[in-house]
Amino acid sequence: MENERTKDTGRRGRPPGTARRALTVPWRLLRAVGLGARHAHRLYHPESSKVGRTPEHKKLPMRRMQVTTRMDRVTLEAWVVPGTGPHTVVVCHGVERSKSSTLGHIALLHSAGYHVVAYDMRNHGESTGDRRLGRMARRYTSDLRDVLRQVADDPELGRGKLAVLGFSFSAWPSLRVLTEPGAPPVCAVVADSGPLYDIGAGLANFATLRRAGLPAWARGGPAFACYRHAFRLVALRMLALRRWPPDLTGVPTRLMFVAGAADPLVTEDQVRRVAGALPGARLWVAPTAMHMNAIRFDRQEYETQVLTFLSDSFAAPDRHPTPGPEEARSRA
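Residues numbered from 1 in each chain as written. Predicted model: local features only at pLDDT ≥ 70, side-chain atom pairs only at ≥ 80, totals over all residues. Heavy atoms only, no water.

Student: Mind showing me how you'd approach the overall build of the chain here?
Tutor: Looking only at helices and strands, the chain features 10 helices and 9 strands. Across the 332 residues in the chain, those meeting the buried criterion constitute 51%. For the chain, restricting intrachain contacts to residue pairs at least 6 apart in sequence, the fraction spanning at least 24 positions comes to 78%. For the chain, the computed accessible surface area is about 15,800 Å², with 51% contributed by carbon and sulfur atoms. (Helix = DSSP H or I, 4+ residues; strand = E, 2+ residues; numbered from the N terminus. Buried < 20%, exposed > 50% of the residue type's maximum accessible area, 1.4 Å probe, protein only. Contact = heavy atoms within 4.5 Å. Areas by Shrake-Rupley, 256 points an atom, 1.4 Å probe, with all protein chains shown as cover.)

Student: Got a minute to help me understand the confidence of the model for the chain in this structure?
Tutor: Keep in mind that low pLDDT regions are not for reading the predicted coordinates in detail. Per-residue pLDDT for the chain averages 89, and the proportion of residues at 70 or more is 88%. Every residue in residues 1-12 scores below 50 in pLDDT, and together they form 4 contacts with partners more than four places removed in sequence or on other chains. (pLDDT = per-residue confidence, 0-100.)

Student: Sorry, what's going on with the nonpolar core here?
Tutor: What tends to happen in soluble globular proteins is that the nonpolar side chains get buried as a cluster. Judged by nonpolar contacts, the single largest core of 66 residues is most densely connected at Y44, Y119, L255 and F257. Apart from the residues lying within four places of it in its own chain, the contact partners of F257 are L175, A191, G194, P195, V271, V274, A275, L278, A281, R282, L283 and W284. In terms of nonpolar packing, the next biggest core, distinct from the first, is built from 32 residues, M62, V81, V258 and W284 among them. (Core = buried A, V, L, I, M, F, W, Y, C linked by side-chain atoms within 4.5 Å.)

Student: Could you clarify how one ought to interpret the pairing of strand 8 (residues 282-286) in this entry?
Tutor: Both faces of the sheet carry side chains from a regular strand, because those side chains alternate between them. Buried residues dominate strand 8, accounting for 4 of its 5 residues. Note that strand 7 (residues 254-260) and strand 8 share 5 bridges and pair parallel. If you follow M256 over to strand 8, its bridge partner there is R282. Handedness of the crossover joining strand 7 and strand 8 through helix 8 (residues 268-277) is recorded here as right-handed. (Pairing = 2+ DSSP bridges. Right-handed = clockwise from strand over helix to strand, strands pointing away.)

Student: How should I be thinking about the pattern of salt bridges in this particular structure?
Tutor: Where charged atoms from two side chains of opposite charge approach closely, those side chains can pair. Applying the stated criterion across every chain, the model contains 17 salt bridges. Between R138 and E180 there is a salt bridge, with its nearest N and O atoms 2.7 Å apart. Remark: E180 occurs in the loop between helix 5 (171-176) and strand 6 (188-192) and R138 occurs in helix 4 (residues 136-153); sequence separation between them is 42 residues. The exposure class assigned to R138 is partly exposed, which follows from its relative accessible area of 35%. Look at the salt bridges and you will find they share partners, linking D72, R122, D130, R132, R139 and D143 into a network. (Salt bridge = Lys/Arg side-chain N within 4 Å of Asp/Glu carboxyl O.)

Student: What is the right way to read the packing of aromatic side chains from this model?
Tutor: Aromatic ring pairs are described here by two measures, namely the spacing of the ring centres and the angle between the planes. This structure, assessed with the given rule, holds 9 aromatic pairs. With a centroid separation of 6.0 Å and an interplanar angle of 25°, the aromatic rings of F224 and Y227 are classed as stacked. Residue F224 and its partner Y227 are both found in helix 7 (residues 221-239); the two are separated by 3 residues, about one turn of the helix. Y227 matches F224 in its accessibility class, with the two residues each being buried. Ring pairing ties together the aromatic residues Y44, Y140, F169 and W172, which thus form one cluster. Against the face of W79 rests K99, its NZ or CZ located 4.9 Å from the ring centre. Between the NZ or CZ atom of R211 and the centre of the ring of F224, over which it lies, the distance is 3.9 Å. (Phe/Tyr/Trp six-rings, centres within 6.5 Å; stacked < 30°, edge-to-face > 60°. Lys NZ or Arg CZ within 6 Å of the ring centre and 35° of its normal.)

Student: Help me out: how do you make sense of the packing of helix 6 (residues 199-209) against helix 7 in this one?
Tutor: The relative placement of two packed helices is expressed as an angle between their axes plus a distance between the axes. Axis separation between helix 6 and helix 7 bottoms out at 9 Å; the angle between their running directions is 135°. Taken together, the axis directions place helix 6 and helix 7 in an arrangement best described as oblique. Read as a crossing pair, helix 6 and helix 7 show a hand that is right-handed. Contacts between helix 6 and helix 7 involve I199, G200, A201, L203, A204, F206, A207 and T208 from the former and F224, Y227, R228, F231, R232, A235, L236 and L239 from the latter. The class makeup of the residues in the contact of helix 6 with helix 7 is 12 nonpolar, 2 polar and 2 charged. (Axes fitted to C-alpha atoms, helices over the stretch in contact; angles between N-to-C directions. Parallel < 35°, antiparallel > 145°, perpendicular 65-115°, else oblique. Left-handed = near helix turned anticlockwise from the far one by under 90°. Nonpolar A, V, L, I, M, F, W, Y, C, P; charged D, E, K, R; others polar.)

Student: Sorry if this is basic, but what is going on with unusual backbone geometry here?
Tutor: If a residue is not glycine, its phi is most likely negative; likewise, a peptide bond is most likely trans. The residue after G85, namely P86, is reached through a cis peptide bond having omega 5°. Secondary-structure assignment places P86 in the loop between strand 2 (75-81) and strand 3 (88-92). Look at the link from W244 to P245: it is a cis peptide, with omega at -5°. When you line up the elements, P245 lands in the loop between helix 7 and strand 7. The backbone phi angle of R131 is positive, close to 60°, even though this residue is not glycine. With respect to the helices, strands and loops of the structure, R131 is situated in the loop between strand 4 (115-119) and helix 4. Within the chain, A240 stands out as a residue other than glycine whose phi angle is a positive 55°. Structurally, A240 is set in the loop between helix 7 and strand 7. Residue A240 is classed as partly exposed on the basis of its relative accessible area, which comes to 23%.

This is how it looks when you write it as structure tokens:
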């Protein structure tokens, strides 16, 4: 009788399947860690960021430009949309997107008379990949420097001043490039929906917002905690961003930050803290916008704020910034 009971309940009297379930828990946690690490890698090497519509779909003039990076010979694909000149705005898209996502901004800047250069970041859109696992911050910043240098050397584009419009993820290389050795002078930077002040906390928030798209077993409890921790840790290690925010003391570039009041990804507070840490920075909070869509949700005011800022920056003589953030807040 005793032998039969032991056979039925398993070793040491545990019910059948208990040992199997005990092994399932740590295995699931390990799977969650692996999933978080894989998704962190995809942040910099997305599987889907294909280029769709082009400026030609908006009946805009266009020619193509290729930039070969000096750091590791990656080819960056760019559109050049000529304006009536002489100034040029270089547009950098958000992560896991392509230059197609900036078509509305390209059209807006072109209508104001500016040349526009929009390029695909490495591993995105039509640009080639790198398979790199580290120093991504250094690579993205160096890439933008190379784009700016080629624009400055272009006979059509190099006759005036340069400005940069960066979105979300690309907002921080738009700032870091201002101290990059060998980068040409940049008159103005507009940072739309970014950058994050606390990058680690922002990455953890990004992982949380992706929860609904995870497998059911990874959406809650210890498994999700392991996923989020792995995503944050691996993404930070791959980025390797140091000295943030950058010290821009003495840099004459004019700075404008656009935050969405309803942005769940890069919150208004995160952008405000970056703007407050940089001398002479201007902040505008789009009252109804979420992430990277102020041009749609608050279009009229967005056009006024951004185009006025660029016009004033291009027209102004070179200057040294004065300390203290300047805020233009609209809730109408």
